[in-house]
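Residue-level listing of the chains:
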Amino acid sequence: MNGAQQGWVALLPLIGASLLAHPLLKAADFNSEEIEFFESKIRPVLAQECYECHNSRDKAKAGLVLDYREGLLKGGDLGPTIIPGKPDESILMEALRHEYDLEMPKAGVKLDPPIVADFEKWIAMGAPDPRANPPSDEELASDTGWEA
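Everything quoted here is computed from the prediction, not taken from an experiment.

S.K.: Sorry if this is basic, but what is going on with the confidence of the model for the protein here?
M.R.: Predicted confidence across the protein gives a mean pLDDT of 79, with 76% of residues reaching 70 or more. Confidence, expressed as mean pLDDT per element, reaches its minimum in the protein at helix α1 (residues 3-21) with 42 and its maximum at helix α5 (residues 113-124) with 97. Confidence drops under a pLDDT of 50 for residues 2-28, and excluding neighbours within four residues, the segment shows 21 contacts in the predicted structure.

Structure, rendered in structure tokens:
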């Protein structure tokens, strides 16, 4: 192993520790108000407007999965989808605001301003998201079905 490789190997424990310290990479430990905000304001919009093209089951356009926390944080081909605490630096906000060439949800239909404001608030509060695992086929169908 050369010196550069040894340097990287020495940094691995520090990198791993910093990732584990990230609040959104730990088990969901959000307060009840944060969970309620996500479940009532954010998740329904993701389910109805985003999961069809960005899910962990059968379709992840641009490599982007939005149906669980890790997929949302990882992002897709353009990089991380959100920067917790920084809505103005989050690609998701650019897409919802139709900035640049990003126009989501599909078909370029803009979401109502109060919905976009909810996403901005959610990201500003650290993007609390209790969805630790990808949904099962049944859960995804339930989230996206007509009844939802």
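The structure having been displayed, the exposition proceeds.
S.K.: For this particular structure, what's the right way to read the pattern of salt bridges?
M.R.: Pairs can form between side chains of opposite charge whenever their charged atoms are close. Summed over all chains, the structure comprises five salt bridges. Across the pair Asp129 and Arg131 runs a salt bridge, and its minimum N-O distance is 2.6 Å. Three or more residues joined by partner-sharing salt bridges are found here, namely Asp88, Arg97, Glu99 and Glu120.

S.K.: Would you mind going over α5 with me for this structure?
M.R.: Each α-helix winds once per 3.6 residues, and so residues spaced three or four apart point in a common direction. Spanning 12 residues, α5 covers 16 Å between terminal C-alpha atoms, matching the ideal 16 Å at 1.5 Å per step. All of the buried residues along α5 are Val116, Asp118, Phe119, Trp122 and Ile123. Angular distribution of buried residues about the axis of α5 spans 150°; they occupy a single face of the element. Pointing more than 90 degrees away from the buried face of α5 are the exposed residues Pro113 and Pro114. Along its buried surface, α5 packs onto α2 (32-49), α3 (69-74) and α4 (91-96). Where α5 terminates, the next one or two residues include Gly126, which has phi positive at roughly 105°.

What counts and how
- Residues numbered from 1 in each chain as written.
- Predicted model: local features only at pLDDT ≥ 70, side-chain atom pairs only at ≥ 80, totals over all residues.
- Heavy atoms only, no water.
- pLDDT = per-residue confidence, 0-100.
- Helix = DSSP H or I, 4+ residues; strand = E, 2+ residues; numbered from the N terminus.
- Contact = heavy atoms within 4.5 Å.
- Salt bridge = Lys/Arg side-chain N within 4 Å of Asp/Glu carboxyl O.
- Expected span 1.5 Å × (residues − 1).
- Buried < 20%, exposed > 50% of the residue type's maximum accessible area, 1.4 Å probe, protein only.
- Arc of directions from axis to C-beta.

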